[in-house]
Amino acid sequence: MATHLSYGRVNLNVLREAVRRELREFLDKCAGSKAIVWDEYLTGPFGLIAQYSLLKEHEVEKMFTLKGSRLPAADVKNIIFFVRPRLELMDIIAENVLSEDRRGPARDFHILFVPRRSLLCEQRLKDLGVLGSFIHREEYSLDLIPFDGDLLSMESEGAFKECYLESDQTSLYHAAKGLMTLQALYGTIPQIFGKGECARQVANMMIRMKREFTGSQNSVFPVFDNLLLLDRNVDLLTPLATQLTYEGLIDEIYGIQNSYVKLPPEKFAPKKQGDGGKDLPTEAKKLQLNSAEELYAEIRDKNFNAVGSVLSKKAKVISAAFEERHNAKTVGEIKQFVSQLPHMQAARGSLANHTSIAELIKDVTTSEDFFDKLTVEQEFMSGIDTDKVNGYIEDCIAQKHSLIKVLRLVCLQSVCNSGLKQKVLDYYKREILQTYGYEHILTLHNLEKAGLLKPQMGGRNNYPTIRKTLRLWMDDVNEQNPTDISYVYSGYAPLSVRLAQLLSRPGWRSIEEVLRILPGPHFEERQPLPTGLQKKRQPGENRVTLIFFLGGVTFAEVAALRFLSQLEDGGTEYVIATTKLMNGATWIESLMEKPV
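Residues numbered from 1 in each chain as written. Predicted model: local features only at pLDDT ≥ 70, side-chain atom pairs only at ≥ 80, totals over all residues. Heavy atoms only, no water.

Chemist: How do you make sense of a negative patch on the surface when you look at a structure like this?
Modeler: A grouping of Glu22, Glu25, Asp28, Glu59, Glu61, Asp75 and Glu139 is seen on the molecular surface, where their side chains present a negatively charged patch. Taking the relative accessible area as the measure of exposure, Glu61 reaches 46% and is therefore partly exposed. (Patch = residues over 30% accessible without salt bridge, like charges linked within 9 Å, V, L, I, M, F, W, Y side chains within 5 Å. Areas by Shrake-Rupley, 256 points an atom, 1.4 Å probe, with all protein chains shown as cover. Salt bridge = Lys/Arg side-chain N within 4 Å of Asp/Glu carboxyl O. Lys, Arg positive; Asp, Glu negative; His and termini not counted. Charge placed at Lys NZ, Arg CZ, Asp CG, Glu CD. Buried < 20%, exposed > 50% of the residue type's maximum accessible area, 1.4 Å probe, protein only.)

This is the structure we're talking about:
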């Protein structure tokens, strides 16, 4: 059992166990020793579901990464390919299978598509003459992967681009399937709210799927009270801004992949006396970040400026605990001290790691450039000088700073001005293409199509209305002991989370005007529950809302929702689901056209 998945109102271990059971059943169909050939992208998400020990129990002896030409030698009866349904991967698999056939004893091939089988892929295998080589061709519906006790992700890296640029609804279908799986395990969700075009489509798919399964009544007592489906393009602003929570900054600077982060090793080398810093490790330090680690659970959602004081308090508590050994006089006291030792040593190790990470982040956040960039972002978000060419952005282009950084700032300015004046937009485009190369014209086209970088239509800027009505900018933010969600960006309250907060209380009727300005329809659906399953809430018991971000979510938004869940009089606890955990840089990168 993964304890960090069961601390909240919703025990996500139930989902993890269901997914593991399906995996075990498939492995047992392929009797005998096995080698798994992995599509590399899947190894991270699978690591959150099943460790190697589980695979080993089911006779998996070898694991390889999917690569062209021959498979490495392995004395096994079964070779199983775990792959996403992508045509280019089918070509590699065919190459593997064809080069295998010509040597040694015959082996059984199987293919497991994650999360869905694809007729196109099977046709490609058939065209390449290898489809008949596979004994089992099945799908493994790994739609939603539990990351933490209140966090699920599909880790579908292309979802935003597919939905908003290519009008491809595949990831929306997977989202709807994932939600149906959740309802099968945790009961029907009585109320569905949504905002945005994709949200509407997911809700329609869910209703249709429910109609198709009319035969069986869901008799599980509902755990969730509401589902809120939110399109990412309803709030394009939030991911573009720099996150200022501890977890958000780790992701901004180093990138968190499937709950792991790789950090520069120098800060983590044990300091030995007199060796003058020789033999420093060269391998990146890899750490897992989730609430299983007590200290991380405490500091991850804090504004970075509040982390230092927590770490120094912890250091005092831990050193005081170690000092206790001098007071242990009797055998009983010594025994008690020794029994606590493993926990204390783990706490000391955890503190050392997070002190090192905080130092690495502080080196970045105290730099002049970080301060200048943040100042410009905050000016845009509070509505200052959004309609003219920005001097800092000009300097960044002239000094050829990273293109992603420049695009992120220009898009932020565009979103905070409901689009840029044509001459400002043309100027930025010309400067970017002349400095970074004309091949980026396709990327600029993608950003325009996604609504991130566009000309202002009708000469009207709606952002001030939205900002005032939803109180998106707060001047006096308490970063140490926050009273509002705006602490996660030191002044800016994420629009997406403000919508969730207002839905919970007093309801969206109070902001009808703003909802009409924001893109896409807003709607409400009820799913009738069989008699006997209606939920009677006890006085003082919070509602549980599942909020699904279609197109991605940032760690700062997750932190803001956790903050609302913990409010004394909040009335709602949130479980967060998304197509992808992301930040502004990975988001812009996913929209960039790779030069051929």
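Back to the write-up after that little detour.
Chemist: Where do I start with the packing of aromatic side chains in this structure?
Modeler: Any two aromatic rings considered together are summarised by their centre-to-centre distance and by the angle between their planes. The final tally for this structure, using the stated rule, is 15 aromatic pairs. Consider the rings of Phe81 and Phe134, whose centres lie 6.1 Å apart with planes at 75°: the pair is edge-to-face. Linking Phe81 in strand S3 (residues 78-83) with Phe134 in strand S5 (residues 134-139), this pair joins segments that are 53 residues apart in sequence. Across the pair, Phe134 and Phe81 agree in class, each one buried. On the numbers, 4.5 Å between centres and 40° between planes, the contact of Phe160 with Tyr164 is tilted. Residue Phe160 and its partner Tyr164 are both found in helix H6 (residues 159-164); the two are separated by 4 residues, about one turn of the helix. Through pairs of rings, three or more aromatic residues link up here, namely Trp38, Phe46, Phe82 and Tyr140. Sitting over the face of the ring of Phe523, Arg200 holds its NZ or CZ atom 4.1 Å from the ring centroid. It is Lys286 that lies over the ring of Tyr260; its NZ or CZ is 4.8 Å from the centre. (Phe/Tyr/Trp six-rings, centres within 6.5 Å; stacked < 30°, edge-to-face > 60°. Helix = DSSP H or I, 4+ residues; strand = E, 2+ residues; numbered from the N terminus. Lys NZ or Arg CZ within 6 Å of the ring centre and 35° of its normal.)

Chemist: Looking at this structure, I do not really get the sheet that holds strand S7 (residues 151-153). What am I missing?
Modeler: Backbone hydrogen bonds hold the strands of a sheet together, and the pairing may be parallel or antiparallel. Here we have 7 strands laid out as an open sheet, ordered S6-S7-S15-S14-S9-S8-S13, and mixed in their pairing. The sheet is open, and its two borders are formed by strand S6 (145-148) and strand S13 (522-526), each paired with just one other strand. Neighbour-to-neighbour, the strand axes of the sheet open up by a mean angle of 20°, direction not taken into account. Where helix H21 (residues 555-566) meets the sheet, it contacts S6, S7, strand S14 (543-550) and strand S15 (572-578), and its direction lies at approximately 160° from that of S15. (Pairing = 2+ DSSP bridges. Axes fitted to C-alpha atoms, helices over the stretch in contact; angles between N-to-C directions. Contact = heavy atoms within 4.5 Å.)

Chemist: Would you explain empty space enclosed by the protein in this entry?
Modeler: Where empty space is left can be seen by rolling a probe of water-molecule size over the atoms. In the structure shown here, the tally under the stated rule is 2 cavities of 30 Å³ or more. Approximately 90 Å³ is the volume found for the largest cavity. Elements supplying a minimum of two residues to the lining of the largest cavity: S6 and H21. Among the elements that make up the lining of the largest cavity, the one with the highest residue count is H21 (3 residues). (1 Å grid on protein atoms, 1.4 Å probe; cavity = no way out; pocket = protein on both sides within 12 Å on 5 of 7 lines; lining within 4 Å. Points joined across faces, edges and corners; volume = space filled by probe spheres on them.)

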